[in-house]
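Each chain, written out:
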Amino acid sequence: MTLQLHQVTKRFGHAVAVDHLSLTIPEKEMFGFLGGNGAGKTTTFRMILGLLDPSGGSISWNNETISYEKSHLIGYLPEERGLYPKLKVKDQLVYLARLRGMEKKSALRQLDSWLDRFHIPEYKEKKVEELSKGNQQKIQFISAVIHKPELLILDEPFSGLDPVNVEQLKKAVIDLKEQGTTIVFSSHRMEHVEELCEHLCILQRGRPVVQGKLKEIKRSFGKKNLRIHADFDVEHVKEVPGVVKYKQTGEGCELQIENESVAQLVFDTLHGKGFVRLFELEEPSLNDIFIEKVGASYE
Amino acid sequence: MNKFWIMLTHTYMNRLKSKSFLITTGVTLLLVIGLANFQTIAEKFTGSEGGDSQEVAVIGDKHSLIEPLQNQLDMQKASVDLAAFDGSKQEAEQAVQDGEYQAFVELTAENEIPSATFYANQIANTTLSNKIRDALQQLKVMIAADQADIDPAVFQQISSPVHFDTIALEENAKTEEELSEARGLVYVMLFVMYFAVLMYGNMIAMEVATEKSSRVMEILISSASPVAQMFAKIIGVALLGLTQLTLFMVVGFQAVKMNQDVMTGGIFEYFGLDDLKVSLFIYLIVFFILGYLLYATLAAMLGSLVSRLEDAQQLIAPMTLVIVAAFMIAMFGLNAPDSGFVTVTSFIPFFTPMLMFLRVGMLDLPFWEVGLSIGILILTILIMAIIGARIYSGGVLMYGKSSSLKDIKAAIQLSKKE
C-alpha cells in the first residue's frame, strides 16, 4: 500500500510546476512535504488526488491509479479551507462523508465521536459561518478523516491555529497514523515536520532538493551546530577553519561548523582563556537544512 | 445510493429549503391566485368607484341635443347622467369645482351638426370624456345622415362591419383555430422558457459560484468527478424547477377553476387550450427540455469560472442577453412566423427552443426541418456538455481576480495534460 510517484511532471503552459518528481511514500508512515511558497506542493497533491492530470510520469497507490472509485480511501484537507458557510456542521459533514462513500448512520456516529474529541459537540447544529476560524478548521479536519481514509493528505494542517489547537490536531494525526493511516502532509513549519515525520522531501521549484529519512538527511547534511556560553569574549572562534557561520548571542555564540572534528579545534582555541559554562554540539535542525538548501538559490 | 444521486438530492433539498426559494414561490403563487381572480378584483374596484353614474352638466342653448345624446350614452352602457345646467359658464365651473358634477360640457351646433367642449378638474383620465365624445360622434353621424336624407336601412348597411373570412388553401396549413391554439401554446412556452432560463440558469450559476467562492469545491471535486457534479446540479435544479412549475400550475388551475364562470370566454377561448393537438404538446416538452439543458450547461460552465459570488452575475449577463434576444425575435415571429429571418434564426441552437417551436406551432413544416434543428440542438448540447465539463473541472481550481470570458481558455488548459 505505498504511494508512488514516478517521474511526475506538471507544466502549466511554459511554467513547470513540478519537475520529474519521484517519490515513494511507505505505507502507514507520515511523510512530510516541505517547500517554499510556490514550490509545487499543492500541485503535487492535486495530481495525487487526480484533480490535475500530470503532464508526464505516473502516480499509483497500491500499484493502481487513483480515481474517483477510490475516493472513499482518501482523505484530503486542502490548503484553502472551505465549507458551505450556510450549512449546519452536521448536514455538511454528513453530506461530505456520504460523497466519500459512507452511510449516513455511521457518518453521524463518527461525527459525534470526533466532535467530542475536539470538545466541540455543541457546534453540531450550528452553521459553519457562525464558528470561529479555528473551529472551522477542526470541522474541516473532521471532513478529511471522518470516513477513515487509508491515505490522508493534509495541506498545511496546522496553519492559523493557536498552540492548544495545534496540539489537539497533532495528537489526532499521530493517533491516525498509529491506526495505520498513511499520511502525507505539507508545512512551512519545520518543527512540525521534525516532530511528526520519519520521511520527508523538500521541494524547490518543483524539484526535490532533499529527500529521504529524517535521521539520514540530518546525518548526511554533515554540518553541525555548536553552542558556546563563556565568561569571556569568544569572537575569535569565527577565524577557526571549518566554521561556516557565526552568530553572537547574549551569553556567548552559536556556530555552524562543517563537521564534528571542527568542534575539537574550536574547543582548543577556548582552552585556558577562562570559564566555559556551556559547550554543546547539536544535530542541525531541519530549519537549518531547509534554509541552506532552499534559501541558497534565493540569494 | 451513488454519488450522483447524493449530489442531486443535496442540490434539490438544499434549494427547496432555502429562504429565497420559499419566498419567490410564495410571492408567485399569490400573483397567480391574484391573476386568476383579476376580473373579480377589478370589478370590485370599479364597482365601488363607478357604481353610481357620473353626473355631467350641460351648458349652452342646445338643450334639445341632451336627450338624444343621453340615449346614445345609454346605448353604449355608459353610466353617465347628463343634466341641463341653466347658469353661466362661470357658475358651471364653480359647480364642478365644488364637486356637484364630475364635469361639464358646452354643447354648440352649427347647421345642426353638434360640437362640444369638455371641462373637468382634471383631464388626465379620459374615460369620461371619451364616452361623451363617442356618443356625440354617433349622434353627429345620425344627424348628418338624416340631413342628407339617407334611408336608415341604407345607413345601417353602410355602417355595419364587413364580413371577412380567412381560409388557407394549402391542405396542411393551419386553420384559424389551430393557429390561435398554437399561438397560445407558443406564448406559454416563450414565457415559461424565458423565466425558466433566467431563474434556474441563474440558480445553477449561483450554486456553482457559491461552492467555488466558499472553496468547498476542492473537497467536492476530490470526492466526485466534476462532470457528475455539474450534471447533478443541472438535473437537481431542473427537478426543483419542475416542482415549482407544477405547484404554480396546480394552484393556477384550481384558482381558474374556482373562477370559471367569470373566466369563460376569456383567456381560454383566446388561447384555445381546450382542444390541443398531442404532437404540439410533445414538441413543447422536447424543446423545453433541450432548451433548458443547453442554457443550464452554459450557466454551470460560466458559474465555474468565477471565484467570487459577486462576479457571477456579470459573467452570465451575456447568456441573459442571448435569451432576451431569442425572446424578442420570437415576439416578432408571432406575427410573421414565415419570414426568412425567423426561419434562419430558428436553426441557431440558442434560439431553436423558442423559434423552432414557434414555427412548428404556427406553420406547416416538413419534418426534416424540425428534425434537423433538434439534431443541431442535441449536438450543441453534447459539445457544450463536453467543453463545459472541461471548463468546469479546470475552472473550479482557478482562483484569481479576473473573471472574464478569457478564463475559459485558461480553464481548458488547466484541465488538460499539457
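Because the structure is predicted, anything quoted here is derived from the model rather than measured.

Contact with chain A, which involves 22 residues of that partner, is made by 19 residues of chain B. Looking at which element gives the most residues to the side of chain A that touches chain B, the answer is helix 2 (residues 89–99) of chain A, with 4 residues. Taken together, the residues that form the side of chain A that touches chain B break down as 11 nonpolar, 5 polar and 6 charged.

Moving on: the UniProt feature "transmembrane region" (unreviewed entry) in chain B. Residue and element names in this part refer to chain B. According to UniProt, the feature "transmembrane region" (unreviewed entry) maps to residues 184–209, 230–253, 280–303, 315–334, 340–358 and 370–392 in the numbering used here. Across residues 184–209 one finds 100% helix and 0% strand; the C-alpha atoms that close the span lie 37 Å apart. Each end of residues 370–392 is marked by a C-alpha atom, and these two atoms are 31 Å apart; helix forms 100% of the span and strand 0%.

Before going further, it helps to spend a moment on unusual backbone geometry. Although it is not a glycine, H20 of chain A adopts a positive phi angle of roughly 40 degrees. The exposure class of H20 of chain A is partly exposed, given the 15 C-beta atoms found within 10 Å. You will see that R215 of chain B, though not glycine, has its phi angle at about 65 degrees, which is positive. Judged by local crowding, R215 of chain B falls into the partly exposed class, with 18 C-beta atoms found within 10 Å.

Relative placement of two packed helices is described by the angle separating their axes and the distance separating the axes. Residue and element names in this part refer to chain B. Running from N to C, helix 16 (residues 352–362) and helix 17 (residues 367–395) point in directions that differ by 170 degrees, and their axes come no closer than 11 Å. By the angle between their axes, helix 16 is roughly antiparallel relative to helix 17. Of helix 17, the residues touching helix 16 (which contributes T352, M356 and V360) are V370, S373, I376 and L377. Looking at side-chain class alone, the contact of helix 16 with helix 17 contains 5 nonpolar, 2 polar and no charged residues.

Turning our attention to the sheet that holds strand 6 (residues 151–155) of chain A. Residue and element names in this part refer to chain A. With respect to topology, 6 strands assemble into an open sheet ordered 5-6-7-3-8-9, the strand pairing being mixed. Both edges of this open sheet fall to strand 5 (74–77) and strand 9 (207–213), since each of them pairs with a single strand only. Neighbour to neighbour, the strand axes of the sheet diverge by 15 degrees on average, direction disregarded. In this structure, strand 6 lies alongside strand 7 (residues 182–187), joined through 5 bridges in parallel fashion.

Once that is clear, we can look at helix 4 (residues 133–145) of chain A. Between its first and last C-alpha atoms helix 4 of chain A spans 19 Å; for 13 residues at 1.5 Å apiece the expected length is 18 Å, and the two agree. Taken residue by residue, helix 4 of chain A has Q136, Q137, K138, I139, Q140, F141, I142, S143, A144 and V145 of chain A as its buried positions.

Turning our attention to the UniProt feature "domain: ABC transporter" (unreviewed entry) in chain A. Here the UniProt-annotated "domain: ABC transporter" (unreviewed entry) positions come out as residues 3–230 of chain A. With 34% helix and 30% strand, residues 3–230 of chain A has end C-alpha atoms that lie 50 Å from one another.

For the rest of this paragraph, the subject is helix 1 (residues 3–17) of chain B. Given a rise of 1.5 Å per residue, 15 residues ought to cover 21 Å, and the 21 Å separating the end C-alpha atoms of helix 1 of chain B matches this to within 8%. Restricting attention to buried positions, one finds in helix 1 of chain B the residues K3, M7, L8, H10, T11 and R15 of chain B. Along the axis of helix 1 of chain B, the buried positions cluster into a sector of 160 degrees, meaning they face one direction only. In this structure, the buried residues of helix 1 of chain B make contact with helix 2 of chain A together with helix 2 (19–36), helix 8 (176–213) and helix 10 (226–258) of chain B.

Our next topic: the packing of helix 10 of chain B against helix 17 of chain B. All names here are of chain B. Where helix 10 contacts helix 17, the axes come no closer than 9 Å and their chain directions differ by 110 degrees. Regarding the angle of helix 10 to helix 17, the classification is roughly perpendicular. In this structure, the crossing between helix 10 and helix 17 has a hand that is right-handed. For the pair formed by helix 10 and helix 17, the contact residues are P226, V227 and M230 on the first element and G388, A389, Y392 and S393 on the second. The residue inventory of the contact of helix 10 with helix 17, partitioned by class, reads 5 nonpolar, 2 polar and no charged.

What follows is about the sheet that holds strand 3 (residues 103–110) of chain B. Within a sheet, adjacent strands bond to each other through the backbone by hydrogen bonds, running parallel or antiparallel. Residue and element names in this part refer to chain B. One open sheet holds the 4 strands; their spatial order is 2-1-3-4, and the pairing between them is mixed. Looking at which strands have only one partner, the edges of the open sheet turn out to be strand 2 (80–84) and strand 4 (113–120). If you compare each strand with its neighbour and ignore which way they point, the axes differ by 30 degrees on average. Of the pairings in the sheet, the one linking strand 3 to strand 4 comprises 8 bridges and is antiparallel in character. In the strand pairing of strand 4, T108 is matched with S115. In the packing of helix 6 (residues 127–147) onto the sheet, contacts are made with strand 1 (54–59), strand 2, strand 3 and strand 4, and the angle to strand 4 comes to roughly 170 degrees.

Looking now at the domain arrangement of chain B. Its domain assignment divides chain B into domain 1 (53–159) and domain 2 (174–415). A straight line from the C-alpha centre of domain 1 of chain B to that of domain 2 of chain B covers 55 Å.

Turning our attention to the pairing of strand 1 (residues 3–12) of chain A. All names here are of chain A. As judged from the 7 bridges shared by strand 1 and strand 2 (residues 15–25), these two strands associate in the antiparallel manner. Within strand 2, the position partnered with V8 by the bridge is L21. Where strand 1 hands over to strand 2, the hairpin turn is made up of 2 residues, of which G13 adopts a positive phi near 65 degrees. Pairing between strand 1 and strand 4 (residues 56–61): 5 bridges, direction antiparallel. Looking at strand 4, one finds that T9 is bridged to G56.

Time to look at the pairing of strand 3 (residues 30–35) of chain A. Residue and element names in this part refer to chain A. Burial within strand 3 is extensive, with 6 of its 6 residues counted as buried. In terms of strand pairing, strand 3 meets strand 7 through 5 bridges, oriented parallel. Bridged to F33 within strand 7 is S186. With 5 bridges joining them, strand 3 and strand 8 (residues 199–204) adopt parallel strand pairing. Looking at strand 8, one finds that F33 is bridged to C201.

Parameters and conventions
Along each chain, numbering runs from 1 in the same order as the chain's sequence is written. Each chain gets a letter, beginning with A, and each ligand a number, beginning with 1, in the order they are written. Predicted model: local features are reported for residues with pLDDT of at least 70 only, side-chain atom pairs are reported and counted for 80 or more only, and whole-chain, interface and lining totals are derived from all residues. Two residues qualify as being in contact provided that their C-beta atoms, derived from the backbone, are within 7 Å of each other. A run of H or I in DSSP becomes a helix once it reaches four residues, and a run of E becomes a strand once it reaches two; helices and strands are each numbered from the N terminus. Throughout this entry, Asp, Glu, Lys and Arg are counted as charged residues, while Ala, Val, Leu, Ile, Met, Phe, Trp, Tyr, Cys and Pro are counted as nonpolar. The remaining residues, Gly among them, count as polar. UniProt positions are given in the numbering used here, feature names are shortened, and annotations may be inferred rather than shown by experiment. Burial in this document is a count-based property: other C-beta atoms within 10 Å of a residue's C-beta are tallied, and the residue is buried at 20 or more, exposed at 12 or fewer, or partly exposed in between, with C-beta positions derived from the backbone. Angles here are taken between N-to-C directions and fall from 0 to 180 degrees, while the axes themselves are lines fitted to C-alpha atoms, restricted in helices to the stretch in contact. Angles are sorted into four bins: roughly parallel if under 35 degrees, roughly antiparallel if over 145, roughly perpendicular if 65 to 115, and oblique for all others. Only when DSSP finds a minimum of two bridges between them are two strands counted as paired. Helix span, as expected, comes to 1.5 Å for every residue beyond the first. An arc is given here, and it is the one of the directions from the helix axis to the C-beta atoms. In this scheme the crossing of two helices becomes right-handed for a clockwise turn of the near helix relative to the far one and left-handed for an anticlockwise turn of less than a right angle. Segment limits for the domains were obtained from an automatic or database-derived domain assignment.

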